Amino acid sequence: MSGWIAIAGLGPGRETLVTPEVRDVIAQATDVIGYIPYVKRITPRAGLTLHATDNRVEIDRATHALELAQGGARVLVVSSGDPGVFAMASAVFEALEAQPQFAGVEITVMPGITAMLAAAAAAGAPLGHDFCAINLSDNLKPWRLIENRLRLAARADFAMAFYNPRSKSRPHQFGAALEILRAECGPDRLITFARNVSHPDQTLKTVTLGDATPEMADMRTVVLVGNSATRRVGPYVYTPRSAG
Ligand code: SAH
């Protein structure tokens, strides 16, 4: 039997947000590869080998998946949310590009519900007009590039979603990001901190940029910033469909 790789997103947390096609592929897999907390979400069963690894070894993980699939295994590579959003899908293609011996391996990418969309739904519709997503981690890009993108996105009046906003290893950068946003958007712009979205301990907090502090975000938070028209209606935050 020939092997394959399925790169799947497990959604933001809640089991009902795992798509039916991802559930099917979990049932067919012989091997699961991914970051420890995501592999933990897969129920062990006979005939299924779980390969959980730590953060920042994405290319090793991807190469392992390619090797196993070439050997005939049915390999599921898991990410949280969507696998194409700051996650494993690009890592697998980078590994494939660098190692042409794996060119024959069949690869399927299966979408999942990404954190910003689950967070936006929980808040109302803050991404209801044009928006962009920015990864605030400078692990794979220089901080000056992040600052530049932030500034230009704010000037273009995009609503914005920030992934990996603040970690223990880089505690100060999110404060700098907030300063840029305040300078570009003013203090009244709405900002939503959505933590552990779709988990039982989900928290959602919307404040103005003037009241936002760096401590409101951590690595389990996705941050949404509205555009200049984003506003509250009752307990909801929404961005109108029209602009200008
Ligand atoms: N592929 C994932 C993103 C991985 S990057 C996706 O599509 O959602 C990891 C970042 O995603 C975290 O630092 C956080 O900003 C965000 N994130 C992932 N799951 C989340 C959740 N349930 N609630 C809030 N933010 C989440």
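Structure: see above.
Draft legend 1. A look at the site of the ligand. Near the ligand you find 20 residues, and of these Val-85, Thr-114, Val-197, Met-219 and Thr-221 are the closest. In this structure, an oxygen atom belonging to the ligand sits 2.9 Å away from a side-chain N or O atom of Asn-164. The separation between a nitrogen atom of the ligand and a polar main-chain atom of Asn-196 is 3.4 Å. Relative to its unbound accessible area of 550 Å², the ligand is 92% covered by the protein chains.

Draft legend 2. How the structure looks around the side chain of Thr-192. Within the fold, Thr-192 resides in strand β9 (residues 190-195). Given a relative accessible area of 2%, Thr-192 falls into the buried group. A distance of 2.8 Å separates the side chain of Thr-192 from the side chain of Thr-206, its partner in a polar contact. With residues up to four places along the chain from it excluded, the contact list for Thr-192 reads Ala-123, Leu-204, Lys-205, Thr-206, Val-222, Val-223, Leu-224 and Val-237.

How each quantity is defined
- Residues numbered from 1 in each chain as written.
- Predicted model: local features only at pLDDT ≥ 70, side-chain atom pairs only at ≥ 80, totals over all residues.
- Heavy atoms only, no water.
- Near = heavy atom within 4 Å.
- Polar contact = N/O pair within 3.5 Å; in protein donor to acceptor, adjacent residues only side chain to side chain.
- Areas by Shrake-Rupley, 256 points an atom, 1.4 Å probe, with all protein chains shown as cover.
- Helix = DSSP H or I, 4+ residues; strand = E, 2+ residues; numbered from the N terminus.
- Buried < 20%, exposed > 50% of the residue type's maximum accessible area, 1.4 Å probe, protein only.
- Contact = heavy atoms within 4.5 Å.

Bear in mind that shape data such as this cannot, by itself, settle questions of function.
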